[in-house]
There are 2 protein chains.
Amino acid sequence: MSDDGDVPAQDIAARAGWLYYVGGLRQDQIAEELGISRQRAQRMVARAVAEGLVRVRIDHPIAECLELERALRQKFGLSRARVAPRLGPGQEALRAIASFAAPELERVFRDQTPKLIALGTGRTLRAVIEQMPTIAASQHKMVSLIGNVSPDGSASFYEVIMRIADKTGAPHYPMSVPVMARDAEEFATYRALPHVQSSRALAAQADITIVGIGQMADDAPLFMDGFITEAELRAVQKAGAAGEICGHIFDADGQYIDHPVNAFMVGSRVPVNDNPVLCIGGGVSKIKPLRAALRGRLIDGLITDEITAAELISR
Amino acid sequence: MSDDGDVPAQDIAARAGWLYYVGGLRQDQIAEELGISRQRAQRMVARAVAEGLVRVRIDHPIAECLELERALRQKFGLSRARVAPRLGPGQEALRAIASFAAPELERVFRDQTPKLIALGTGRTLRAVIEQMPTIAASQHKMVSLIGNVSPDGSASFYEVIMRIADKTGAPHYPMSVPVMARDAEEFATYRALPHVQSSRALAAQADITIVGIGQMADDAPLFMDGFITEAELRAVQKAGAAGEICGHIFDADGQYIDHPVNAFMVGSRVPVNDNPVLCIGGGVSKIKPLRAALRGRLIDGLITDEITAAELISR
DNA sequence: TCACAATATGGGCATATGCTCATGCTGGGG
DNA sequence: CCCCAGCATGAGCATATGCCCATATTGTGA
């Protein structure tokens, strides 16, 4: 996915990016240096950016964001809060969060002392992983909190643990089983599977748990991705669904709702054993679920964006 | 030094840099977003770069550099070698090395397990530190290998340990004594000082030792900075001086030369107790000293640039 | 309070950059 | 062996960027 393409060309791209961003050369200088046309130099620089070879980080604590972090910690009793500066009105919050959270996650993996890291799934986590560089971190172990098979039998597209394993080389324990069972019997079967039991047991000992969060409006990812039917969605909405973490649906108070669809998720509910849970997510659609999760103390760490943070604080 | 200036303006600069490099907005969009003129937006972006708020890293192992690293390790029995891509003919090797070495050094400090880090001094190390972000790393301790007082009594300008302490908050033990004594008596006095003894004892236990390297041509830094006289320089040159590490001068075989100026350096000689020594340096002037240090196995790790590496390999 | 110095600001322009398009090249299938 | 598809290349152009300069603003000392 990220390692396809022409390797020597990528080499040139990396070099062009280095010369442009680190060296501060102009594109015609790069062209001369690398013995290519000015045109190609520009394409190579663009490619380096597009392929994520160029990693930009802003090394300055912007006052407003710091203040929001402090306020989040205080208001919701979080042990950890990070706030990404906003990227302008037209921009997805996801972009800001991904670029911002990646170095945070990187820090976790850079730690030399072996850690057991439990992971959720979803678009947000995927986007964050995408922004992470390749780092050797085989001292850590990773376990998935949630199954990796879609209702249609295909591999869940927003699987995270395999991707991060590609980047870190850490031993990993995906939960190779459907995300949810269709009935009580299937549920019992899945839960009884040895590798499911061991995954869940492992997750219960995690040093850190990292999850995304989903909304439960009419375009809830749980519904859009086919995990629950429209009827089920309506039903849980009626039951007060405000959001979900790892597919487990909770109400506005952060209490997991008592409903069949919520009973058949094979994966674990956070927090597991009071292990610290770090949630990554932001954007208008996630405000409601976040507020609920925070109220119910489902999470004790949050990485979000400035606008979402301000919203969470204000009301 | 790096934390002076108008703070709210720096805030805007950081935000502008974020929007420009991470958000990919154009300067007029940034201007609108931040409610400033297009002009000011451009100045703020430039400032963010100038003040080092924007940190760019190229996340791709360029094949030639990897190959040079492998070759260096093999040819000189190094345990660690990193090669920075060249920045074009007109550019200082220092720029390339500093940008490249900073993340490497950052890794050392990110490590959670407490380490004792022994540090040399010099322009190169200073430049590397300058490129490092601020990171809390109070778990580590740092000790200086070399005195911090110039012959004229002023603080040595290329002191490193204080700078890095500013960035990491790590407890540090500078060697508060002149770099070198003028005679045997002074030397004995300095060496006998309790804090010098304890610094040297600490350095002897370092988990990692990080040093620069100096050349001994007519513009040797040891001479330019007034540590040795022109007559002394001539003398050691005649005695075969090929380079110096922490002021200790060695010949082309990496053997410390037997000469009075070399006897009065208060600091330690590497390697101390066979502790691993990482040397950072490159550029044409450093090829001779590096070749000597490598031949004498004074160092067992090297961070340099592509051109220097190629030169070291070729002959 | 005024005058002056230092710095910040925006207009205007030279140019570096990015994009589009027409053309060339390479590689696979008929 | 030829033809076509797909991608890479360089020319040309629209524009985003960076820089210089004249003016405004802020801060400072008499």
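How each quantity is defined
- Residues numbered from 1 in each chain as written.
- Chains lettered and ligands numbered in written order.
- Predicted model: local features only at pLDDT ≥ 70, side-chain atom pairs only at ≥ 80, totals over all residues.
- Heavy atoms only, no water.
- Helix = DSSP H or I, 4+ residues; strand = E, 2+ residues; numbered from the N terminus.
- Rg over C-alpha atoms; globule rule 2.2 N^0.38 Å.
- Buried < 20%, exposed > 50% of the residue type's maximum accessible area, 1.4 Å probe, protein only.
- Contact = heavy atoms within 4.5 Å.
- Areas by Shrake-Rupley, 256 points an atom, 1.4 Å probe, with all protein chains shown as cover.
- Lys, Arg positive; Asp, Glu negative; His and termini not counted.
- Charge placed at Lys NZ, Arg CZ, Asp CG, Glu CD.
- Phe/Tyr/Trp six-rings, centres within 6.5 Å; stacked < 30°, edge-to-face > 60°.
- Near = heavy atom within 4 Å.
- Polar contact = N/O pair within 3.5 Å; in protein donor to acceptor, adjacent residues only side chain to side chain.
- Axes fitted to C-alpha atoms, helices over the stretch in contact; angles between N-to-C directions.
- Parallel < 35°, antiparallel > 145°, perpendicular 65-115°, else oblique.
- Nonpolar A, V, L, I, M, F, W, Y, C, P; charged D, E, K, R; others polar.
- Domains from an automatic or database assignment.
- Buried area = accessible area lost by both parts, 1.4 Å probe.
- Salt bridge = Lys/Arg side-chain N within 4 Å of Asp/Glu carboxyl O.
- Pairing = 2+ DSSP bridges.

**Quick word on the overall build of chain A**
Working step 1: Within chain A, the regular secondary structure consists of 14 helices and 10 strands.
Working step 2: Taking 20 Å as the expected radius of gyration for a compact globule of 315 residues, we find that chain A reaches 21 Å, a close match to that expectation.
Working step 3: With respect to the three principal axes, the spread of C-alpha positions in chain A is 65 × 45 × 40 Å.
Working step 4: Counting all 315 residues of chain A, 54% fall into the buried class.
Working step 5: Sequence-distant contacts in chain A: of pairs separated by 6 or more residues, those separated by 24 or more amount to 69%.
Working step 6: When the accessible surface of chain A is split by element, carbon and sulfur atoms take 51% of a total near 13500 Å².
Working step 7: Taken together, the 35 basic and 38 acidic charged side chains of chain A have centroids lying 4 Å from each other.

**Section: the packing of aromatic side chains**
Working step 1: Inspection of every chain in the model, using the stated rule, returns 9 aromatic pairs over all chains.
Working step 2: Taken together, a centroid distance of 6.2 Å and an interplanar angle of 80 degrees make the contact between Trp18(A) and Phe100(B) edge-to-face. Placement of the pair is Trp18(A) in helix α1 (residues 7-22) and Phe100(B) in helix α5 (residues 93-110), with the two residues belonging to separate chains.
Working step 3: Look at Trp18(A) and you get buried, because its relative accessible area is 5%.

**Digging into the protein's contact with DNA strand D**
Working step 1: For DNA strand D, the full set of nearby residues is Ser37(A), Gln39(A), Arg40(A), Arg43(A), Tyr20(B), Arg26(B), Gln27(B), Arg38(B), Gln39(B), Gln42(B) and Arg43(B).
Working step 2: Considering DNA strand D, the proportion of its atoms within 4 Å of the protein that are sugar or phosphate atoms stands at 50%.
Working step 3: Within the side chain of Gln39(A), a nitrogen or oxygen atom sits 3.0 Å from a base oxygen of DNA strand D.
Working step 4: Those elements that provide at least two residues to the surface near DNA strand D are α3 (38-50) of chain A together with α3 (38-50) of chain B.
Working step 5: Broken down by element, the residue count for the surface near DNA strand D peaks at 4 residues, all from α3(B).

**Focus: the packing of helix α6 (residues 123-130) of chain A against helix α7 (residues 161-168) of chain A**
Residues and elements named next belong to chain A.
Working step 1: Direction vectors running N to C along α6 and α7 enclose 10 degrees, while the axes themselves pass 10 Å from each other. Overall, the two elements α6 and α7 adopt an arrangement that is roughly parallel. Touching Arg-126, Ile-129 and Glu-130 of α6 are Arg-163, Ile-164 and Lys-167, all from α7.
Working step 2: Looking at the contact of α6 with α7 residue by residue, the classes come out as 2 nonpolar, no polar and 4 charged.

**Let's talk about the domain arrangement of chain A**
Working step 1: We note that the domain assignment places domain 1 (7-50) and domain 2 (63-314) within chain A.
Working step 2: Each of domain 1 of chain A and domain 2 of chain A has a C-alpha centre, and these two points are 38 Å apart.

**What to know about the protein's contact with DNA strand C**
Working step 1: Taken together, Tyr20(A), Arg26(A), Gln27(A), Arg38(A), Gln39(A), Gln42(A), Arg43(A), Ser37(B), Arg38(B), Gln39(B), Arg40(B) and Arg43(B) make up all the residues around DNA strand C.
Working step 2: With respect to DNA strand C, the side chain of Gln39(A) contributes an N or O atom lying 2.9 Å from a base nitrogen.
Working step 3: Of all the elements in the fold, those that place two or more residues in the surface near DNA strand C are α3 of chain A together with α3 of chain B.
Working step 4: For the surface near DNA strand C, the per-class residue count stands at 1 nonpolar, 5 polar and 6 charged.

**Thoughts on the interface of chain A and chain B**
By a widespread convention, an interface's size corresponds to the accessible area lost as its parts come together.
Working step 1: Taken together, the contact pairs 47 residues of chain A with 47 residues of chain B.
Working step 2: Both faces combined, the contact of chain A with chain B buries some 4300 Å², and carbon together with sulfur accounts for 54% of it.
Working step 3: The largest share of the area that chain A buries against chain B comes from Arg15(A), Trp18(A) and Arg57(A), three residues that together contribute 18% of it.
Working step 4: Linking chain A with chain B are 10 salt bridges.
Working step 5: The element contributing the most residues to the side of chain A that touches chain B is α1(A), with 9 residues.
Working step 6: Its residues assigned to classes, the side of chain A that touches chain B comprises 21 nonpolar, 12 polar and 14 charged.
Working step 7: Relative to strand β1 (residues 54-58) of chain B, strand β1 (residues 54-58) of chain A runs antiparallel, the two sharing 5 bridges. Across the sheet, the residue bridging to Val54(A) is Ile58(B), located in β1(B).

**Observations concerning the sheet that holds strand β10 (residues 301-305) of chain A**
Residues and elements named next belong to chain A.
Working step 1: In spatial order, the strands read β2-β10-β9-β6-β3-β4-β5; together these 7 strands make up an open sheet with parallel pairing. In this open sheet, the two strands that pair with only one neighbour each are β2 (80-84) and β5 (172-178). Direction aside, neighbouring strands of the sheet carry axes that sit 15 degrees apart on average.
Working step 2: In the sheet, strand β6 (residues 208-211) pairs with strand β9 (residues 277-280) via 3 bridges, with the strands oriented parallel. By the bridge assignment, Thr-209 is partnered in β9 with Val-277.
Working step 3: Lying on the sheet, helix α4 (residues 63-76) is in contact with β2 and β10; it crosses β2 at an angle near 150 degrees.

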